[in-house]
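Architecture and fold: a report
Listed here are the chains, written in short residue letters.
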Amino acid sequence: MKKKEKKVYPIKFTEIELRERLDPESYHVLIEKGTERPFSGEYYLNHETGIYECKVCGNEIFHSSKKYDSGCGWPSFTEPIRPDAIDVQMDYSHFMIREEILCGKCGGHLGHRFPDGPSDRGGIRYCINSVSMDFKGE
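Below is a short write-up of the structure. As the structure is a computational prediction, the values presented were derived from the model and not from experiment.

1. Focus: the environment of arginine 98
Structurally, arginine 98 can be placed in strand S6 (residues 98-103). The class for arginine 98 is buried, based on a relative accessible area of 15%. Between the C-alpha atoms of arginine 98 and threonine 49, which are 49 residues apart in sequence, the distance is 29 Å. With residues near it in sequence (within four places) discarded, arginine 98 still touches Gln89, Met90, Asp91, Ser93, His112 and Phe114.

Structure representation (structure tokens):
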């Protein structure tokens, strides 16, 4: 059986550069694969129109038109802005089986994907940490 090779992302930063670019909580989530407390994120209740970008590299990840209130405590979306905006990999941490969502350009940890989204919008919920993103209003 061939071992799956780890993806090489086109945008890379050194640890020093990442610590300079990111606040400690964003670094913990994006680089150390942490999570923010539910119902605490800056974008959880954001209803403005615009684009959510990866806080590390500025990659456009989600459009606000795909955001909805799932009640889970984190910003939730039904689909990324384009398929290659994200990468999905299996996450077996914390005695769970989940699909981890990574930035498609730098590999930063954004959150997780679950099959419990609105059925009329594809049935997928992208559960994303606010501290992993920046928001650019239109």
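2. Points about the pairing of strand S2 (residues 60-63)
Strand direction decides the pairing type here: strand S1 (residues 50-54) and S2, joined by 3 bridges, are antiparallel. Pairing of isoleucine 51 across the sheet is with histidine 63, part of S2. In sequence, S1 turns back onto S2 through a hairpin of 5 residues, with glycine 58 there showing a positive phi of about 85°.

3. Looking at the packing of aromatic side chains
One pair of aromatic rings is described through two measures. These are the centre distance and the angle between the planes. Within this structure, the stated rule accounts for 7 aromatic pairs. Seen from their ring centres, tyrosine 52 and phenylalanine 77 are 5.1 Å apart, and the 70° between their planes marks the pair as edge-to-face. Of this pair, tyrosine 52 sits in strand S1 while phenylalanine 77 sits in strand S4 (residues 76-77); the two residues are 25 residues apart in sequence, bridging distant segments of the chain. Take tyrosine 52 and phenylalanine 77: they sit in the same class, and that class is buried. On the basis of an interplanar angle of 55° and a centroid distance of 5.7 Å, the ring pair of phenylalanine 62 and tyrosine 126 is categorised as tilted. With phenylalanine 62 in strand S2 and tyrosine 126 in strand S8 (residues 125-128), this pair connects stretches of sequence that are 64 residues apart. The exposure classification of phenylalanine 62 matches that of tyrosine 126, with both residues buried.

Rules used in this analysis
- Residues numbered from 1 in each chain as written.
- Predicted model: local features only at pLDDT ≥ 70, side-chain atom pairs only at ≥ 80, totals over all residues.
- Heavy atoms only, no water.
- Helix = DSSP H or I, 4+ residues; strand = E, 2+ residues; numbered from the N terminus.
- Buried < 20%, exposed > 50% of the residue type's maximum accessible area, 1.4 Å probe, protein only.
- Contact = heavy atoms within 4.5 Å.
- Pairing = 2+ DSSP bridges.
- Phe/Tyr/Trp six-rings, centres within 6.5 Å; stacked < 30°, edge-to-face > 60°.

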